[in-house]
Amino acid sequence: SLSDRLTSTFKNLRGRGRLSEADIDATVREIRRALLDADVAVPVVRQFTAAVRERALGAEVSGALNPAQQVVKIVNAELVEILGGQTRSLQLAKTPPTVIMLAGLQGAGKTTLAGKLALALKEQGHTPLLVAADLQRPNAVTQLSVVAERAGVPVFAPHPGNTSDADAETIIGDPVGVSRDGVAEARAKQHDVVIVDTAGRLGVDQVLMQQAADIRAAITPDEVLFVIDAMIGQDAVTTANAFAEGVDFTGVVLSKLDGDARGGAALSVAKVTGKPIMFASTGEKLTEFEVFHPDRMASRILDMGDVLTLIEQAEKAFDADEAERMAAKVAGGEDFTLSDFLVQMQQMKKLGSMKKMLGMMPGMAQMRDQLENFDEREVDRVQALIQSMTPAERENPKIINGSRRARIARGAGQTTAAVNGLLDRFGQAQKMMRQMASGGAPAGPGGMPA
Ligand code: GDP
Ligand code: MG
């Protein structure tokens, strides 16, 4: 996976003042491979990595992240921006009905989506009507009727009711007329949304494109949703461009995201058409449908969701201000107190929750080992003990005598041995902090005593 490759590439890198060109190039090379593995179209990969490289050059290195993580963060931000820069919800018509037309290749998932959209809209209190304008494929009308029945919404079809297989084969209807009549029916019956399901072909085809364009011209839809199979891979750009030119859609729906596809098609389509991806279809059931989440898609494409979570958490957990304050304090010859000790332990606790992931990260293996034996409940115990001390004792634990130790233990519901253990460990940490003050190593979660 990308995270493994980054780990080996960046084993030897450490945080520096600025990202170097070599760091960026090495990282971008791995990112390029990850994008190609995710089936992002080649020209899109090229443009994208060039943009990332430019953005990464001269970027400040953050205290919490190493150069590779820094570049990954930039890549992720750029991905989310392209995928979500124009996220929006359905455009509803000022005067109902809102007309939604579906377009896309055969098998893309249009008819299934018609049912999903209808059900979702119905649940929001709308009164959708489905229109069967796919008169190309045997059974297409029947398929839409089945979907409509499952969604509990009516369907407008050229042969309502008894469409036998034999009839279906011979339907030579007029999809433009049916679409127009369907919209008129919606207006007459006061449906506030009408969803027009259209025919697709196996490949991009001039006849099909003309038919879709004619339907569009006849019903002037508020939305034309281009449905594309997430598994389509490198063909995404050609297909999306053909539909953008032939029909001109207003939004994209990515289907079959429940499969193995890493979803590179999403990036390809978003990048070449600049049209928003609005929904994701994630299964054959009508409820398997959701509003598109750019951030989830970005980490799916990069195939490093865990790493991205880790980067986010590392930034949160590593409270740079706190570390700086501590370093300044120690460097200034001020003493490291039990209160500081508690703050450090609490930072460790935040990091503790990502113990498992730390092993994957460049430069983090050592911290992982430290955390391996770290008991998160220990932080709560230490906190209870420190809280039952007086402020003066927290600042200067040397004044804590035998009877106070017993009193503190009782106050925290623990044993005197626990108090002794804490004070011993604190003494060691304090010594270490003093050594660091003379040696100049930075304080922070990484500087925690094991
Ligand atoms: P159309 O030709 O564009 O109308 O596509 P259909 O809606 O008929 O879908 C083609 C096939 O893909 C059908 O077998 C659907 O059940 C299936 N399908 C559609 N959307 C999804 C999806 O999101 N996930 C999965 N797993 N299958 C889907
Ligand atoms: Mg269909």
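Basis of the calculations
- Residues numbered from 1 in each chain as written.
- Chains lettered and ligands numbered in written order.
- Predicted model: local features only at pLDDT ≥ 70, side-chain atom pairs only at ≥ 80, totals over all residues.
- Helix = DSSP H or I, 4+ residues; strand = E, 2+ residues; numbered from the N terminus.
- Buried ≥ 20, exposed ≤ 12 C-beta atoms within 10 Å, placed from the backbone.
- Contact = placed C-beta atoms within 7 Å.
- Pairing = 2+ DSSP bridges.
- Core = buried A, V, L, I, M, F, W, Y, C linked by C-beta atoms within 7 Å.
- Domains from an automatic or database assignment.
- UniProt positions renumbered as here; feature names shortened; annotations may be inferred.
- Axes fitted to C-alpha atoms, helices over the stretch in contact; angles between N-to-C directions.
- Parallel < 35°, antiparallel > 145°, perpendicular 65-115°, else oblique.
- Left-handed = near helix turned anticlockwise from the far one by under 90°.
- Nonpolar A, V, L, I, M, F, W, Y, C, P; charged D, E, K, R; others polar.
- pLDDT = per-residue confidence, 0-100.
- Near = placed C-beta within 6 Å.
- Expected span 1.5 Å × (residues − 1).
- Arc of directions from axis to C-beta.

Draft legend 1. Region of interest: the overall build of the protein chain. When its secondary structure is counted, the protein chain shows 21 helices and eight strands. For the protein chain, the residues scored as buried account for 41% of the 450 residues in total. In the protein chain, once contacts between residues fewer than 6 apart in sequence are set aside, the share between residues at least 24 apart is 76%.

Draft legend 2. Layout of the sheet that holds strand β7 (residues 277–281). One open sheet accounts for eight strands, arranged β3-β2-β4-β1-β5-β6-β7-β8; its pairing is mixed. The sheet terminates laterally at β3 (155–156) and β8 (289–291), the two strands that pair on one side only. Both strand β1 (residues 98–103) and strand β4 (residues 193–198) contribute to a ladder of four bridges, which runs parallel. Counted as the bridge partner of Val 99 is Val 194 from β4.

Draft legend 3. View of the environment of Ala 406. With respect to the element layout, Ala 406 can be found in helix α20 (residues 402–411). Residue class for Ala 406 comes out partly exposed when judged on the 13 C-beta atoms lying within 10 Å of it. Between the C-alpha atoms of Ala 406 and Asn 420, which are 14 residues apart in sequence, the distance is 9.7 Å.

Draft legend 4. Geometry of the environment of Lys 275. Assignment of secondary structure puts Lys 275 in the loop between α11 (264–273) and β7. Sequence-wise, Lys 275 and Phe 249 are 26 residues apart; in three dimensions their C-alpha atoms are separated by 8.0 Å. Those residues in contact with Lys 275 that sit more than four places away from it in its chain are Phe 249, Thr 250, Gly 251 and Val 252.

Draft legend 5. Examining the environment of Leu 35 more closely. Structurally, Leu 35 can be placed in helix α2 (residues 21–37). The class of Leu 35 is buried, set by 27 C-beta atoms lying within 10 Å. With eleven residues separating them along the chain, Leu 35 and Arg 46 place their C-alpha atoms 9.9 Å apart. Sequence-distant contacts of Leu 35, that is, excluding residues within four places in its chain, are made with Val 40, Val 45, Phe 48, Gly 264 and Ile 301.

Draft legend 6. The nonpolar core, seen in detail. Membership of the largest hydrophobic core comes to 93 residues, with the highest contact counts inside it found for Leu 130, Ala 132, Ile 195, Ile 228 and Leu 254. For this core, the leading source of residues is helix α4 (residues 67–84), giving eight residues. Counting contributing residues per domain, this core is built from domain 1 (2–86 + 304–311) and domain 2 (98–291), each supplying no fewer than three. Residue contacts for Leu 254: discarding those within four places in its chain leaves Ile 228, Ala 230, Gly 263, Ala 265, Ala 266, Ile 277, Ala 280, Ser 281 and Phe 292. Counting twelve residues, the second largest nonpolar core, distinct from the first, contains Leu 338, Met 345, Val 419 and Leu 422.

Draft legend 7. A look at the UniProt feature "domain: SRP54-type proteins GTP-binding" (unreviewed entry) in the protein chain. As annotated in UniProt, the feature "domain: SRP54-type proteins GTP-binding" (unreviewed entry) corresponds to residues 276–289 in the numbering used here. Taken end to end, residues 276–289 is 0% helix and 43% strand, and its first and last C-alpha atoms sit 17 Å apart.

Draft legend 8. Representation of the packing of α2 against helix α3 (residues 42–56). Relative orientation of the contacting elements α2 and α3 amounts to 150°, with a least axis distance of 10 Å. Here α2 lies roughly antiparallel to α3, going by the angle between them. Between α2 and α3 the crossing geometry is right-handed. Facing Ile 24, Val 28, Ile 31, Arg 32, Leu 35 and Leu 36 of α2, the residues of α3 in contact are Val 45, Phe 48, Thr 49, Val 52, Arg 53 and Ala 56. Here the residues of the contact of α2 with α3 sort into nine nonpolar, one polar and two charged.

Draft legend 9. Structural detail: the confidence of the model for the protein chain. Confidence in the prediction for the protein chain averages 82 pLDDT; 75% of positions are at 70 or higher. Taking the mean pLDDT of every element in the protein chain, the minimum, 47, falls on helix α7 (residues 165–170) and the maximum, 98, on β1. Counting interchain partners and residues more than four positions distant, the pLDDT-below-50 stretch residues 160–171 has 14 contacts. In this model residues 441–450 is a low-confidence stretch, pLDDT under 50, and it forms 28 contacts with partners more than four residues away in sequence or in other chains.

Draft legend 10. Geometry of the site of ligand 1. Inspection of the region around ligand 1 gives 17 residues, with Gly 109, Lys 110, Thr 111, Thr 112 and Ser 281 positioned closest. Residue contributions to the shell around ligand 1 peak at three residues, all from helix α5 (residues 110–123). Of the residues belonging to the shell around ligand 1, the class tally is two nonpolar, eleven polar and four charged.

Draft legend 11. Local environment of helix α9 (residues 206–219). An ideal rise of 1.5 Å per residue puts 20 Å on 14 residues; α9 measures up with 20 Å between its terminal C-alpha atoms. Three or more residues of α9 are buried, namely Leu 208, Gln 211, Ala 212, Ile 215, Arg 216 and Ile 219. Angular distribution of buried residues about the axis of α9 spans 135°; they occupy a single face of the element. Pointing more than 90 degrees away from the buried face of α9 are the exposed residues Gln 206, Val 207, Gln 210 and Ala 217. On its buried face, α9 sits against β1, β2 (128–133), α8 (175–188), β4, β5 (223–229) and α10 (236–246).

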